[in-house]
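Coordinates in review
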Amino acid sequence: MSSYHEEQEQIENVKAWWKQYGNYVIWTLVIIMLAYGGWNLWRYYERKQAVEAGVLYRELETAVDAKDKAKVARIASDMESKFSGTPYAQMTALLAAKTLADAGDTAGAKAQLQWAASNAKDDEYKQLAKLRLAGVLLDEKAYDEALKMLDNPPAPYAALFADRRGDVLVAQSKVADARTAYKLALEKLDKQDSGMRQFVQFKLDALGA
């Protein structure tokens, strides 16, 4: 008989607990299921975006090989507007910039580099875009903008940025500052990068004592 009463008491305790916390449990389960479903949906969207961006990037490569400047510009625009979150977008921006520059479209190349410098997900692409953009600004004699683009580079890119900074300072006839920049570039360059070191040393020597 006591066993029966114990079971009844347990049942009543469960009922009381469920009455107090049941809605909380149900809503917790609903939230977990929605979150899991949303995560799966996001993963599916990311995979779909990556596949479509990959197809568009292959179209870009074909347009580059054909030297079709108009198509390159159109594909780059589509990639940035539709697939900016994929790695293909930053790759497209740099490839399109080079193609447009080779075709004489400096403004188009500059726009692509500006986009990559601001939006690239991978730091390597972002810094490379800044470096190339500084070169475009140097050609345009926009020296202050070029120097600003070269400010505070991450350590792995310090040598390349210092070298480009030296080029800009030479163009400004700031020889002493340029010499300092080239010396910094030599200091930061890998000892095994003999080709780049010789190139920077040549520019440094050209400035005289």
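Now for a look at the structure at hand. (Residues numbered from 1 in each chain as written. Predicted model: local features only at pLDDT ≥ 70, side-chain atom pairs only at ≥ 80, totals over all residues. Heavy atoms only, no water.)

What about the overall build of the protein chain?
- Scanning the protein chain from terminus to terminus reveals 9 helices and 0 strands.
- When the helices and strands of the protein chain are read in sequence order from the N terminus, they spell out α-α-α-α-α-α-α-α-α.
- Buried residues in the protein chain amount to 35% of all 209 residues.
- For the protein chain, the proportion of contacts with a sequence separation of at least 24, taken over those separated by at least 6, is 47%. (Helix = DSSP H or I, 4+ residues; strand = E, 2+ residues; numbered from the N terminus. Buried < 20%, exposed > 50% of the residue type's maximum accessible area, 1.4 Å probe, protein only. Contact = heavy atoms within 4.5 Å.)

What to know about the nonpolar core
- Core analysis: the largest hydrophobic core is formed by 50 residues, its most contacted members being Met79, Leu113, Val168 and Val200.
- For this core, the element with the highest residue contribution is helix H5 (residues 123-139), accounting for 7 residues.
- Leaving out residues up to four positions away in the same chain, Val200 has contacts with Asp163, Tyr182, Ala185, Leu186 and Leu189. (Core = buried A, V, L, I, M, F, W, Y, C linked by side-chain atoms within 4.5 Å.)

Things to note about the pattern of salt bridges
- Enumeration according to the criterion identifies 7 salt bridges in this entry.
- Close ionic contact of Asp151 with Arg165 constitutes a salt bridge, the shortest N to O distance being 2.8 Å. Of the two residues, Asp151 is situated in the loop between helix H6 (143-149) and helix H7 (158-171) and Arg165 in helix H7; the sequence distance between them amounts to 14 residues.
- Of the charged contacts, one joins Lys203 and Asp167 as a salt bridge, the two residues approaching to 2.9 Å between their closest N and O atoms. Taken together, the residues Lys203 in helix H9 (residues 194-206) and Asp167 in helix H7 connect sequence positions 36 residues apart. The exposure classification of Lys203 matches that of Asp167, with both residues buried.
- Salt bridges sharing partners connect three or more residues here, namely Asp163, Arg164, Asp167 and Lys203. (Salt bridge = Lys/Arg side-chain N within 4 Å of Asp/Glu carboxyl O.)

Observations regarding the side chain of Lys126
- By secondary structure assignment, the location of Lys126 is in helix H5.
- No salt bridge forms around the buried Lys126; measuring N to O, its nearest opposite-charge neighbour Asp123 is 6.3 Å away.
- At a separation of 3.3 Å, a polar atom in the side chain of Lys126 contacts the main-chain carbonyl oxygen of Ala117. (Lys, Arg positive; Asp, Glu negative; His and termini not counted. Polar contact = N/O pair within 3.5 Å; in protein donor to acceptor, adjacent residues only side chain to side chain.)

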